[in-house]
Amino acid sequence: MKRKVLGLILAGAAGAFALTGCAGGEQSVDEKTAALKPGTYTGQSSENDEEGGGYATVSLTIGENNAIEDVVFETFEKNGTSKYTEDYGKINGEVSNKSYYEKAQKAVEASKGYAKQYMETQSLTEVDAVSGATISYNQFVEAVQSALQKATQ
């Protein structure tokens, strides 16, 4: 009886573990173990409805032996305007809320570090989220996974 219960528990745990790698219906790709084709691939995150919304893109260049050779990450507002400008966080072109503007600019600067970390570590799981830029972090991960999916096809 104990073996049967233990077997059911292990089977359930294995099933749950297998499902945790899925995002948006796609299987996660581990750049260290997956067979990636050299080339440049683009990925885009889904649109986020929090904090003004927007989405992110990544351009990922993969060399031989799955080496990540270049990563270009950028976040955009819903209308397609880049957030990587000094205007991000302004309202009608003005800094009407200094605290909001400073927070927006700090988030942009922090999110620029995600591509650098990924290049240095060569592993998406080793990129650390930065407080104040967690939405960008989630978008970065999603966009990289999208690009890696394309590199496996």
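Everything below is about the structure printed above this text.
What counts and how
Residues numbered from 1 in each chain as written. Predicted model: local features only at pLDDT ≥ 70, side-chain atom pairs only at ≥ 80, totals over all residues. Heavy atoms only, no water. Core = buried A, V, L, I, M, F, W, Y, C linked by side-chain atoms within 4.5 Å. Buried < 20%, exposed > 50% of the residue type's maximum accessible area, 1.4 Å probe, protein only. Helix = DSSP H or I, 4+ residues; strand = E, 2+ residues; numbered from the N terminus. Contact = heavy atoms within 4.5 Å. Expected span 1.5 Å × (residues − 1). Phe/Tyr/Trp six-rings, centres within 6.5 Å; stacked < 30°, edge-to-face > 60°. Pairing = 2+ DSSP bridges. Axes fitted to C-alpha atoms, helices over the stretch in contact; angles between N-to-C directions. Parallel < 35°, antiparallel > 145°, perpendicular 65-115°, else oblique. Left-handed = near helix turned anticlockwise from the far one by under 90°. Nonpolar A, V, L, I, M, F, W, Y, C, P; charged D, E, K, R; others polar. Polar contact = N/O pair within 3.5 Å; in protein donor to acceptor, adjacent residues only side chain to side chain.

Caption draft 1: Examining the nonpolar core more closely. L60, Y118 and F140 are the most contacted members of the largest nonpolar core, which has 26 residues in total. The biggest single contributor to this core is helix α3 (residues 134–152), with 7 residues. Setting aside residues no more than four positions away along its own chain, L60 makes contact with G39, T40, Y41, I68, D70, V71, Y118, V144, A147 and L148.

Caption draft 2: Summary view of α3. Under the 1.5 Å per step criterion, the end-to-end length of α3 is 27 Å for 19 residues, consistent within 8% with the ideal 27 Å. Turning to α3, its buried residues are S136, Y137, Q139, F140, A143, V144, Q145, S146, A147, L148, Q149 and A151.

Caption draft 3: Main features of the packing of aromatic side chains. This structure, assessed with the given rule, holds 5 aromatic pairs. With centroids separated by 5.3 Å and ring planes inclined at 20°, the aromatic side chains of Y55 and F76 adopt a geometry described as stacked. Remark: F76 occurs in strand β5 (residues 68–76) and Y55 occurs in strand β4 (residues 55–62); sequence separation between them is 21 residues. Take Y55 and F76: they sit in the same class, and that class is buried. Among the aromatic residues, those joined into a ring-pair cluster are F73, Y114, Y118, Y137 and F140.

Caption draft 4: The sheet that holds β5, seen in detail. Ordered in space as β3-β4-β5, the 3 strands form an open sheet in which the pairing is antiparallel. With one partner strand each, in any of the chains shown, β3 (39–44) and β5 form the two edges of the open sheet. Neighbouring strand axes in the sheet, compared pairwise and without regard to direction, differ in orientation by 15° on average. Sheet analysis places β3 next to β4, joined by 6 bridges and oriented antiparallel. When the sheet's bridge partners are listed, T42 is paired in β4 with S59.

Caption draft 5: Representation of the packing of helix α2 (residues 98–121) against α3 in the model. One can describe the packing of α2 onto α3 by two numbers: an axis separation of 9 Å at closest approach and a directional angle of 40°. Relative to α3, the element α2 is oriented oblique. Considering only the axes of α2 and α3, their crossing is right-handed. Contact residues: α2 offers S111, Y114, A115 and Y118, while α3 offers T134, S136, Y137, F140, V144 and L148. Looking at side-chain class alone, the contact of α2 with α3 contains 7 nonpolar, 3 polar and no charged residues.

Caption draft 6: The arrangement of the side chain of S111 in detail. As for its placement among the helices and strands, S111 is situated in helix α2. At a separation of 2.9 Å, a polar atom in the side chain of S111 contacts the main-chain carbonyl oxygen of V108. Setting aside anything within four residues of it in sequence, one finds S111 in contact with F73, Y84, A133 and S136.

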